[in-house]
Amino acid sequence: QVQLVESGGGLVAAGGSLRLSCATSGRTFSTHTLGWFRQAPGKEREFVAAIRWIDGSPYYADSVKGRFTISRDNAKNTVYLQSNSLNPEDTALYYCAASRSIRPIKRDEFESWGQGTQVTVSS
């Protein structure tokens, strides 16, 4: 089981930026992909971005493409989500997740989850 701990959320004005972090520990050798999801009140948890651990290859949801950047630091076993040009529609609880799959995008393809970090964007 992989343990995931998110940090970096907060309150930011529209147009601002935040960098979310996800520290990983545990059985990380079995992890192929780390990803970020988000869930707004009353809505389904949705895919945001993911990165392949072995080569750093990223992919994104259309809603964040060009604004968000996912990256990883192998030495620190940490994945980041740089979020720029934030708008109120980005307000949600952001979750880090780990998968043994090569290019997962669905929620049920990720086996391990963090507790989430809240991002609130004011208009």
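Refer to the structure printed above.
These lines cover the structure that appears in this document, whether it is placed above or below. If you're wondering where the values come from, they're calculated on a predicted model, not measured in any experiment.

## A short note on the sheet that holds strand E3 (residues 18–26)
Adjacent strands of a sheet pair through backbone hydrogen bonds, lying either parallel or antiparallel.
Here is step 1 of the chain: Pairing in this open sheet of four strands is antiparallel, and the strands run E1-E3-E8-E7 from one edge to the other. Both edges of this open sheet fall to strand E1 (2–7) and strand E7 (68–73), since each of them pairs with a single strand only. If you compare each strand with its neighbour and ignore which way they point, the axes differ by 20° on average.
Here is step 2 of the chain: As defined by bridge partners, E1 adjoins E3 across six bridges and the pair is classed as antiparallel. Directly across from Val2, in E3, lies its bridge partner Gly26.

## Description of the nonpolar core
Here is step 1 of the chain: With 31 residues, the main nonpolar core has Trp36, Val48, Val79, Leu81 and Tyr94 as its most contacted residues.
Here is step 2 of the chain: Counting residues per element, the ones that place at least two in this core are E1, E3, strand E4 (33–39), strand E5 (46–52), E7, strand E8 (78–83), strand E9 (92–99) and strand E11 (117–122).
Here is step 3 of the chain: Not counting the four nearest positions on each side in its chain, Val48 is found in contact with Trp36, Phe37, Arg38, Tyr60, Ala61, Val64, Phe68, Leu81 and Tyr94.

## A short note on the side chain of Arg38
Here is step 1 of the chain: Mapping Arg38 onto the fold places it in strand E4.
Here is step 2 of the chain: Accessibility expressed as a relative area gives 7% for Arg38, which makes it buried.
Here is step 3 of the chain: Of note is the side chain of Arg38, whose polar atom sits 2.9 Å from the side chain of Asp90.
Here is step 4 of the chain: Among the polar contacts listed, one links the side chain of Arg38 to the side chain of Tyr94, at a separation of 2.9 Å.

## Observations regarding the packing of aromatic side chains
Here is step 1 of the chain: Scanning the entire structure with this criterion turns up six aromatic pairs.
Here is step 2 of the chain: Both rings, one in Phe37 and one in Phe110, keep their centres 5.0 Å apart while their planes meet at 80°; by these two values the pair is edge-to-face. Highlighted residues: Phe37 in strand E4 and Phe110 in the loop between E9 and strand E10 (112–113), separated in sequence by 73 residues.
Here is step 3 of the chain: Exposure remark for Phe110: the relative accessible area of 5% places this residue in the buried category.
Here is step 4 of the chain: When the ring of Phe110 is compared with that of Trp113, the centres are 6.2 Å apart and the planes differ by 55°; the resulting orientation is tilted.
Here is step 5 of the chain: The class of Trp113 is partly exposed, set by a relative accessible area of 24%.
Here is step 6 of the chain: The structure contains a cluster of three or more aromatic residues connected by ring pairs, namely Phe37, Phe47, Tyr59, Tyr95, Phe110 and Trp113.

## Focus: the state of the cysteines
Here is step 1 of the chain: According to the stated counting rule, one finds one disulfide in the structure shown.
Here is step 2 of the chain: Between the sulfur of Cys22 and that of Cys96 lies a disulfide, 2.1 Å long from S to S. Because the torsion about its S-S bond is -80°, the bridge between Cys22 and Cys96 counts as left-handed. Placement of Cys22 in strand E3 and of Cys96 in strand E9 is noted, with a sequence separation of 74 residues between them. Residue Cys22 shares its accessibility class with Cys96, and that shared class is buried.

Cut-offs applied
- Residues numbered from 1 in each chain as written.
- Predicted model: local features only at pLDDT ≥ 70, side-chain atom pairs only at ≥ 80, totals over all residues.
- Heavy atoms only, no water.
- Pairing = 2+ DSSP bridges.
- Helix = DSSP H or I, 4+ residues; strand = E, 2+ residues; numbered from the N terminus.
- Axes fitted to C-alpha atoms, helices over the stretch in contact; angles between N-to-C directions.
- Core = buried A, V, L, I, M, F, W, Y, C linked by side-chain atoms within 4.5 Å.
- Buried < 20%, exposed > 50% of the residue type's maximum accessible area, 1.4 Å probe, protein only.
- Contact = heavy atoms within 4.5 Å.
- Polar contact = N/O pair within 3.5 Å; in protein donor to acceptor, adjacent residues only side chain to side chain.
- Phe/Tyr/Trp six-rings, centres within 6.5 Å; stacked < 30°, edge-to-face > 60°.
- Disulfide = S-S within 2.5 Å.

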